[in-house]
Amino acid sequence: VLTLSAVSFLQVADGTEAEMSIGIFTEKHRRPKAPEILATVGPALERWNELTDWIVETFPAQHELKFMYSSKYGWARRFEVHGTLLTALYPVRNGFTAQLILNRTALEQASLLRLGKNAQLAMEQAHLYTEGKWLFIPVESNRDMENIKRLLTVKIGSAKLQRRGKLALSAFGA
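None of these values were measured; they are calculated from a predicted model.

> So what's going on with the environment of A106? Residues and values would help.
As for its placement among the helices and strands, A106 is situated in helix α3 (residues 104–110). Once the C-alpha coordinates of A106 and K133 are considered, the two residues, 27 residues apart in sequence, prove to be 9.7 Å apart. With residues near it in sequence (within four places) discarded, A106 still touches V154, K155 and S158.

Put into structure tokens, the structure is as follows:
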């Protein structure tokens, strides 16, 4: 198995590579149970719990286990604030991957941070869409955890700045 950021590729018998999913639970009609998720995350369970607790305590975030997009992504613990995705945590064998969508303002601010290799690689490799970049960051260390926290703080701050900017522009008829 070859890994490129959070997306893995499986070497197929004919020598080609097939893209694997972001998370490990990919069957839409088979919702994983909490004990399965905890067993899968395994040694990263302490980080999983710490990050989940920090998100809930820091932001007015609602969270649920949700099947995200397609089988390429799978089931994740989805956190949202006012109906907008804050982050999603995808269980993988012996760990998890965090998804963050950063708009252009947040990306500019994040580029000024000294991030670890996983966060930096995710930012470099992610495609730039209209709404920003979809980052998938494997959480393998305490530094990765701190990077996720910093990026979530940047994300929320940039969203507030954009809302203020739109409100200011609308006051002038723009």
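Next comes the rest of the account.
> Help me get a handle on the pairing of strand β4 (residues 62–68), residues and values and all.
Across a regular strand the side chains alternate sides, sitting on one face of the sheet and then on the other. Sheet analysis places β4 next to strand β5 (residues 74–81), joined by seven bridges and oriented antiparallel. Counterpart to E64 in the pairing with β5 is R78. Taking the residues that link successive antiparallel strands as the turn, the β4-β5 hairpin has five residues, and the phi of Y69 there is positive, at about 65°.

> Pulling in residues and values, what's your account of helix α1 (residues 34–41)?
For α1, the full list of buried residues reads I37, T40 and V41. Looking straight down α1, one finds that the buried residues subtend no more than 95° of arc, so they occupy a single side. Turned more than 90 degrees from where α1 packs its buried face, P35 and A39 sit exposed. In this fold, the buried residues of α1 make contact with α2 (45–58), β4, β6 (84–92) and β7 (95–102). Just past α1, the residue G42 takes up positive phi, approximately 55°.

> With reference to specific residues and values, describe α2.
Its 14 residues place the ends of α2 20 Å apart at the C-alpha level, agreeing with the 20 Å of an ideal helix rising 1.5 Å per residue. Within the span of α2, buried status applies to W48, L51, T52, W54 and I55. Looking straight down α2, one finds that the buried residues subtend no more than 165° of arc, so they occupy a single side. Opposite the buried face of α2, at more than 90 degrees from it, the exposed residues are E46 and E57.

> I'd like a description of the sheet that holds β7, backed by residues and values.
Within the open sheet, the six strands sit side by side as β4-β5-β6-β7-β9-β8. Their pairing is antiparallel. Each edge of the open sheet carries a strand with a single partner, namely β4 and β8 (128–129). As paired elements, β8 and strand β9 (residues 132–139) share two bridges and run antiparallel to each other. Across the sheet, L128 pairs through a bridge with K133, a residue of β9. Across the sheet, α2 is in contact with β4, β5, β6, β7 and β9; its angle to β6 comes to roughly 170°.

Parameters and conventions
- Residues numbered from 1 in each chain as written.
- Predicted model: local features only at pLDDT ≥ 70, side-chain atom pairs only at ≥ 80, totals over all residues.
- Heavy atoms only, no water.
- Helix = DSSP H or I, 4+ residues; strand = E, 2+ residues; numbered from the N terminus.
- Contact = heavy atoms within 4.5 Å.
- Pairing = 2+ DSSP bridges.
- Buried < 20%, exposed > 50% of the residue type's maximum accessible area, 1.4 Å probe, protein only.
- Arc of directions from axis to C-beta.
- Expected span 1.5 Å × (residues − 1).
- Axes fitted to C-alpha atoms, helices over the stretch in contact; angles between N-to-C directions.

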